[in-house]
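The chain contents come next:
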Amino acid sequence: ADLGELDARVSVCRACPRLVRWREDVAHGKRASYADQPYWGRPVPGFGPPTASILVVGLAPAANGANRTGRLFTGDRSGDWLFASLHRVGLATQGTSVHSADGLELVDTRMVATVRCAPPQNKPTTSERDTCSPWIEAELGLLAEHVRVVVALGGYGWDATLRVYAALGWQVARPKPRFGHGVEATLVHDARSVTLLGCYHPSQQNTFTGRLTEPMLDEVFGRAAELGGA
Ligand code: SF4
């Protein structure tokens, strides 16, 4: 299997009844904030080149962001912060990401969501998380050869990354490294190693309150670019 095939397969997954209902309710205008626009309304695959050395792991698509545009972090406030920072450090060709045909490309970077369908209140259940995990495991299995650094957005992204790498047979330090902004941990498999980098999620909760600032975001992505060799 290649990544294109995996993207195509995940985009028609219907394994979680609650999330299928929610993503489609939002898309069919029952809860749409952008009622005049077509909605993707399906699982959102990863975004970025298959040979990326930097992987960004987020939680799940936003109901009126990626669930609308079909591209991760595209068309929402978190994405505004994220793509602007990626552009400033040279990992994106544009600093804004409004819709999926805007020509934006990521440089040596791929983004993936832990849970691929938009959940109500941005909160998937544990069983939904577990149901979706084979998708991210399969994707990481295909990307692992190239990935040298993983930026985990928020504690959820951090824990998910550790879980997925452990499932793929990588060794993680014990006790489990704790999430924090700018924290680094090393994951090892045979002769290979990956650096896991913690980053506060660029959600409005964090950016409005000043818990996460633009320089803080640039510091983490600048470090990722340095480690990834982009
Ligand atoms: Fe399928 Fe994942 Fe969406 Fe559940 S969250 S329906 S497993 S793609």
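Residues numbered from 1 in each chain as written. Predicted model: local features only at pLDDT ≥ 70, side-chain atom pairs only at ≥ 80, totals over all residues.

The protein is annotated in an unreviewed UniProt entry as Type-5 uracil-DNA glycosylase from Nocardioides panacisoli. Quoted verbatim from the Sequence similarities (unreviewed entry) field of the UniProt record, the comment on the protein reads "Belongs to the uracil-DNA glycosylase (UDG) superfamily. Type 5 (UDGb) family." (UniProt positions renumbered as here; feature names shortened; annotations may be inferred.)

> Quick question: what am I supposed to make of the site of the ligand here?
The ligand sits among 15 residues. The nearest are Cys13, Cys16, Pro43, Cys117 and Cys132. Grouping the amino acids of the shell around the ligand by side-chain chemistry returns 11 nonpolar, one polar and three charged. (Near = placed C-beta within 6 Å. Nonpolar A, V, L, I, M, F, W, Y, C, P; charged D, E, K, R; others polar.)

> Is there a simple way to think about the packing of helix 4 (residues 77–88) against helix 8 (residues 214–228) in this case?
The packing of two helices is summarised by the inter-axis angle and the distance between the axes. Closest axis-to-axis distance for the helix 4/helix 8 pair is 9 Å, and the angle between their directions is 55 degrees. If you check the angle between helix 4 and helix 8, you find them oblique. Here helix 4 and helix 8 pass one another in a crossing that is right-handed. Each of Trp81, Ser85, Leu86 and Arg88 in helix 4 lies in contact with helix 8, whose residues at this interface are Glu214, Leu217, Asp218 and Phe221. For the contact of helix 4 with helix 8, the class distribution of residues is four nonpolar, one polar and three charged. (Axes fitted to C-alpha atoms, helices over the stretch in contact; angles between N-to-C directions. Helix = DSSP H or I, 4+ residues; strand = E, 2+ residues; numbered from the N terminus. Parallel < 35°, antiparallel > 145°, perpendicular 65-115°, else oblique. Left-handed = near helix turned anticlockwise from the far one by under 90°. Contact = placed C-beta atoms within 7 Å.)

> Teacher, can you tell me more about the environment of arginine 116 here?
Along the polypeptide, arginine 116 turns up in the loop between strand 2 (109–113) and helix 5 (126–143). Of the residues examined, arginine 116 has 27 C-beta atoms within 10 Å and is grouped as buried. Taking the C-alpha atoms as reference, arginine 116 lies 23 Å from valine 194; in sequence the two are 78 residues apart. Excluding residues that lie within four positions of it along the chain, arginine 116 makes contacts with Val10, Pro43, Val44, Cys132 and Trp135. (Buried ≥ 20, exposed ≤ 12 C-beta atoms within 10 Å, placed from the backbone.)

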